[in-house]
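So the chains spell out like this:
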Amino acid sequence: MLRVMKTAYSETSRARIVAAAVFFILGLGATFAIAKADNGSLAKALDKPTDTPVLLELFTSQGCSSCPPADALFDELRDKPGVITLSFSVDYWNYLGWHDTLSSPENSDRQRDYALSRGDGKVYTPQLVVDGIKHVNGANEAAIEMAIRTAERRLKDVKVTMSMRAEGDSLLVDIGGAPATSDMRQATVWLAVAKDEETVEITRGENRGETITYTHPVRELMPVGMWKGEPTTLRLPLKDLHAIGGDCLVSMLQVEGAGPILGAAMFQPAQELKTSGP
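Because the structure is predicted, anything quoted here is derived from the model rather than measured.

Procedures and definitions
- Residues numbered from 1 in each chain as written.
- Predicted model: local features only at pLDDT ≥ 70, side-chain atom pairs only at ≥ 80, totals over all residues.
- Heavy atoms only, no water.
- Salt bridge = Lys/Arg side-chain N within 4 Å of Asp/Glu carboxyl O.
- Buried < 20%, exposed > 50% of the residue type's maximum accessible area, 1.4 Å probe, protein only.
- Pairing = 2+ DSSP bridges.
- Helix = DSSP H or I, 4+ residues; strand = E, 2+ residues; numbered from the N terminus.
- Axes fitted to C-alpha atoms, helices over the stretch in contact; angles between N-to-C directions.
- Contact = heavy atoms within 4.5 Å.
- Right-handed = clockwise from strand over helix to strand, strands pointing away.
- Polar contact = N/O pair within 3.5 Å; in protein donor to acceptor, adjacent residues only side chain to side chain.
- Phe/Tyr/Trp six-rings, centres within 6.5 Å; stacked < 30°, edge-to-face > 60°.
- Lys NZ or Arg CZ within 6 Å of the ring centre and 35° of its normal.

Q: So, the pattern of salt bridges: which residues are in play, and what are the values?
A: For the coordinates displayed, the defined rule picks out 13 salt bridges. The partner of D79 in a salt bridge is R78, and the shortest N-O contact between them spans 4.0 Å. Taking relative accessible area as the criterion, D79 reaches 64% and is therefore assigned exposed. For the salt bridge of E167 with R165, the shortest nitrogen-to-oxygen distance reads 3.6 Å. Accessibility expressed as a relative area gives 38% for E167, which makes it partly exposed. On the basis of relative accessibility, which here comes to 33%, the residue R165 falls in the partly exposed class. Each of R78, D79, D196 and E197 takes part in a single network of salt bridges with overlapping partners.

Take a look at the structure:
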């Protein structure tokens, strides 16, 4: 059974985006450079090139008894090829007896913005959003498979390649050019700072007595640049990003704040050090 939230939408989403961008650029000292680009089962549904992966966003809550099965399934999805996962803990169930330790108003706002962008007004937990355009019950594996196929079909002509790499003290986000078939040539580049996983012992509320592991819970999501259809490289201060806290960084290219996801990439500093070390 899904837990549904009836709520009004914020009209300040655009203002939040602008304010966050100004804070990031001024506070962290990001610099941007333009560069020319170099020339049946769920597993089957995810068999795709990893340079244009599907982004799965799970909206969950420690205070929702329907969420643990979705959280467990999401942990399995993280290792599927061609998939990037991010979980967002919402705060609107915090009054039910347990304050979600990973929740934030910003996570709830992102979910509401998606519902507004889709036009269906559906906000619930556990809700899984696929590439910004489809939502399903996050505990329903068959529904997730179908949503992935639908998103792939709808976005196949507009997907953009993305990658992330370290260069000295900087994080470079490389974004390809728009395909010739694409009519989407302007989007916001977002950066999510997330933990690899977070295990929480819940002592009150609907899930009291449970110990639940959350996969890639987002600590902060911020806009870091704009893309206008041309191959682009963004240079970001890696040290300052580490200071926010988190084990992995995810960049995404998204239309109109809560529209389709045109591209995504993940960077895990610890993993990078292992592969590049002696």
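Now that the structure is up, let's keep going.
Q: Outline the sheet that holds strand β7 (residues 134-137), listing residues and values.
A: Spatially, the 4 strands line up as an open sheet ordered β4-β3-β6-β7, and their pairing is mixed. Each end of this open sheet is capped by a strand with a single partner; those strands are β4 (83-89) and β7. Pairs of neighbouring strands in the sheet enclose a mean axial angle of 25 degrees, with direction left out of account. Summarising the sheet, strand β3 (residues 54-60) and β4 pair through 7 bridges and their orientation is parallel. The residue of β4 that forms the bridge with V54 is V83. Across the sheet, helix α5 (residues 141-155) is in contact with β3, β6 (127-130) and β7; its angle to β7 comes to roughly 175 degrees.

Q: Help me get a handle on the sheet that holds strand β16 (residues 261-267), residues and values and all.
A: Judged by pairing direction, the sheet is antiparallel, and its 4 strands sit side by side in the order β13-β10-β15-β16 without closing on themselves. The open sheet has two free edges, formed respectively by β13 (218-227) and β16, since each of these has just one partner strand. Averaged over all pairs of adjacent strands, the angle between strand axes in this sheet comes to 20 degrees, irrespective of strand direction. Seen against the sheet, helix α4 (residues 105-118) touches β13, β15 (248-254) and β16 and runs at an angle of roughly 25 degrees to β15.

Q: Talk me through the pairing of β3; I want residue IDs and the actual numbers.
A: Sheet faces and side chains relate simply in a regular strand, where the side chains alternate between the two faces. Counting buried positions along β3 gives 7 out of 7 residues, so the element sits mostly inside the fold. Residues V54, L56, L58 and T60 of β3 are buried on one face, and the alternating residues L55, E57 and F59, pointing to the opposite face, are buried as well. Handedness of the β3-helix α3 (residues 68-77)-β4 crossover: right-handed.

Q: Which residues make up the side chain of Q111, and what values go with them?
A: By secondary structure assignment, the location of Q111 is in helix α4. Of note is the side chain of Q111, whose polar atom sits 2.8 Å from the backbone oxygen of Y124. In contact with Q111, not counting residues within four places along its chain, are F59, V90, Y92, V123, Y124 and Q127.

Q: Give me the lowdown on the packing of aromatic side chains, citing residues and values where you can.
A: For any pair of aromatic rings, the description consists of the separation of the ring centres together with the inter-plane angle of the planes. Throughout the structure, instances matching the rule amount to 4 aromatic pairs. A centroid spacing of 5.1 Å and a plane angle of 75 degrees characterise the contact between Y92 and W93, whose relative ring orientation is edge-to-face. On the basis of relative accessibility, which here comes to 4%, the residue W93 falls in the buried class. With 6.4 Å between their ring centres and 50 degrees between their planes, W93 and Y95 make a pair best called tilted. Accessibility expressed as a relative area gives 61% for Y95, which makes it exposed. Here a set of aromatic residues connected by ring pairs shows up, and it is made of F59, F88 and Y114. The ring centre of W190 lies 6.0 Å from the NZ or CZ of R110, which sits over that ring.

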